[in-house]
Amino acid sequence: MTDDATWATWGLMMTCLGGGLGGVRMVTRPAGHVSGTRAEAHDALRRHVLAFEPRHPTSLQRRTVYEHGDGYLVIAEGLTQTFEYEFRLARVVHDTRPDMPVVPPQPAAPPPPAAPPHR
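Since this is a predicted model, take the numbers as computed values, not measurements. (Residues numbered from 1 in each chain as written. Predicted model: local features only at pLDDT ≥ 70, side-chain atom pairs only at ≥ 80, totals over all residues. Heavy atoms only, no water.)

Novice: Give me unusual backbone geometry: which residues, what numbers.
Specialist: With an omega of 0°, the peptide bond between H56 and P57 qualifies as cis. In this structure, P57 sits in the loop between α1 (38–51) and β3 (60–68). (Helix = DSSP H or I, 4+ residues; strand = E, 2+ residues; numbered from the N terminus.)

Set out below in structure tokens:
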């Protein structure tokens, strides 16, 4: 593990676990990349998670964000389905095509204010 001051390129990784007509599936992909220290990348990950609006479920009833270890867990509850989204950092250690972006750059603007917790 690298310390918080180490400069690198970081993947903001998202894993989705959800179900549908085809059954439960899990997919991991980069939601974006950040160059900087681990601490800066973690701040970018937090902003991304708080601004994240899941595509699934389509009839979102509730979205809850949990801090989970070094990352975050988003539970998106719909009328008939619940989806889990896990976000974590991954340092890029090798890329056969560094000239080719995997994901378009994400805007660095701060997210809108978070709504208070539901009671």
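The rest of the description comes next.
Novice: Which residues make up the pattern of salt bridges, and what values do they have?
Specialist: Close approach of charged atoms allows side chains of opposite charge to pair. Per the counting criterion, the structure on display carries 1 salt bridge. R38 is paired through a salt bridge with D70; the nearest N and O atoms lie 2.8 Å apart. Taken as a pair, R38 in helix α1 and D70 in the loop between β3 and β4 (71–78) lie far apart in primary sequence, 32 residues in all. (Salt bridge = Lys/Arg side-chain N within 4 Å of Asp/Glu carboxyl O.)

Novice: Give a detailed account of the confidence of the model for the protein chain, specifying residues and quantitative values.
Specialist: Per-residue confidence for the protein chain averages 81 on the pLDDT scale, and 77% of its residues sit at or above 70. Taken as a whole, residues 104–115 scores under 50 in pLDDT and shows 8 contacts with residues more than four places along the chain or in a different chain. (pLDDT = per-residue confidence, 0-100. Contact = heavy atoms within 4.5 Å.)

Novice: Describe the packing of aromatic side chains, naming the residues involved and giving the relevant values.
Specialist: Counted by the stated rule, this structure contains 3 aromatic pairs. Both rings, one in F83 and one in Y85, keep their centres 6.5 Å apart while their planes meet at 25°; by these two values the pair is stacked. For F83, a relative accessible area of 5% translates into the label buried. A relative accessible area of 4% means that Y85 is categorised as buried. Aromatic rings pair up to connect F52, F83, Y85 and F87 into one cluster. (Phe/Tyr/Trp six-rings, centres within 6.5 Å; stacked < 30°, edge-to-face > 60°. Buried < 20%, exposed > 50% of the residue type's maximum accessible area, 1.4 Å probe, protein only.)

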